[in-house]
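One-letter residues, chain by chain:
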Amino acid sequence: MSALTKADIAEMLYEELGLNKREAKEIVESFFEEIRSALEANQQVKLSSFGNFDLRDKCSRPGRNPKTGEEIPITARRVVTFKPGQKLKAKVESYVGTE
Amino acid sequence: MNQDQLPPKDVELAVKMMLDSMTKALTNNQRIEIRGFGSFCLHYRAPRIGRNPKSGTTVELPGKYVPHFKPGKELRERVNASLTKA
């Protein structure tokens, strides 16, 4: 099964909501851009029943090039983490697949 | 969201439908790949013996799937750049 993409989501909005293709494409694009902009502004994003996108500031720490064993410092950074909501977790938990 | 052309009601519904389609994909163990944003997939958690911290009794916890998100390059870079700007 191939991955769900922005094109698939836009197609779904086109078919089920009756938006034209351009509108559908734009709304999908601005949805993800809105989340990116908020996170870029150091603002947590909470999507009810889906999950939260949180920000974490990491201190610098010593790292290592696993190939050469050479020590390289890992700089301090800000990272995004996703914490799935209860509803999403419950829906996904019971997946019994063949893979 | 800046959607001048669409009534707020439509935007609200569209957002709900987008989240629903993403939830549905993950429920079927279908990956989600959004270029420049990130990807979602399921990770398997092996069965384990858990413990009720109150009573101390052991409980068998079956294997399960949990949602996982990996931020994409653009999101990673923009968020990290905000650290030095602030």
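Residues numbered from 1 in each chain as written. Chains lettered and ligands numbered in written order. Predicted model: local features only at pLDDT ≥ 70, side-chain atom pairs only at ≥ 80, totals over all residues. Heavy atoms only, no water.

Looking now at the overall build of chain A. Within chain A one finds three helices and five strands. Tracing chain A from N to C terminus, the helices and strands come up as α-α-β-β-β-β-β-α. Here chain A has a C-alpha radius of gyration of 19 Å; the compact-globule value for 99 residues is 13 Å, and the former is much larger. Referenced to the eigenvectors of the C-alpha coordinate spread, the extents of chain A come out at roughly 55 × 40 × 30 Å. Per-residue burial over chain A gives 33% buried out of 99 residues. Pairs at least 24 residues apart make up 29% of the contacts formed inside chain A by residues separated by at least 6 positions. Of the side-chain charges in chain A, 17 are positive and 16 negative, and the distance between the mean point of each set is 7 Å. (Helix = DSSP H or I, 4+ residues; strand = E, 2+ residues; numbered from the N terminus. Rg over C-alpha atoms; globule rule 2.2 N^0.38 Å. Buried < 20%, exposed > 50% of the residue type's maximum accessible area, 1.4 Å probe, protein only. Contact = heavy atoms within 4.5 Å. Lys, Arg positive; Asp, Glu negative; His and termini not counted. Charge placed at Lys NZ, Arg CZ, Asp CG, Glu CD.)

The interface is formed by 46 residues belonging to chain A together with 44 residues belonging to chain B. Carbon and sulfur atoms make up 71% of the surface buried where chain A meets chain B, a total of about 4,300 Å² over both sides. Summed over the three residues of chain A that lose the most area to chain B, namely Leu 4, Arg 36 and Tyr 95 of chain A, the buried surface amounts to 16% of that side. Connecting chain A to chain B are four salt bridges. Between Glu 33 of chain A and Arg 78 of chain B there is a salt bridge; the shortest N-O distance is 2.8 Å. Of all the secondary structure elements, the ones that give two or more residues to the side of chain A that touches chain B are α1 (6–17), α2 (21–40), β2 (51–58), β5 (77–84) and α3 (86–93) of chain A. Looking at which element gives the most residues to the side of chain A that touches chain B, the answer is α2 of chain A, with 15 residues. Of the residues assigned to the side of chain A that touches chain B, the class counts are 26 nonpolar, four polar and 16 charged. (Buried area = accessible area lost by both parts, 1.4 Å probe. Salt bridge = Lys/Arg side-chain N within 4 Å of Asp/Glu carboxyl O. Nonpolar A, V, L, I, M, F, W, Y, C, P; charged D, E, K, R; others polar.)

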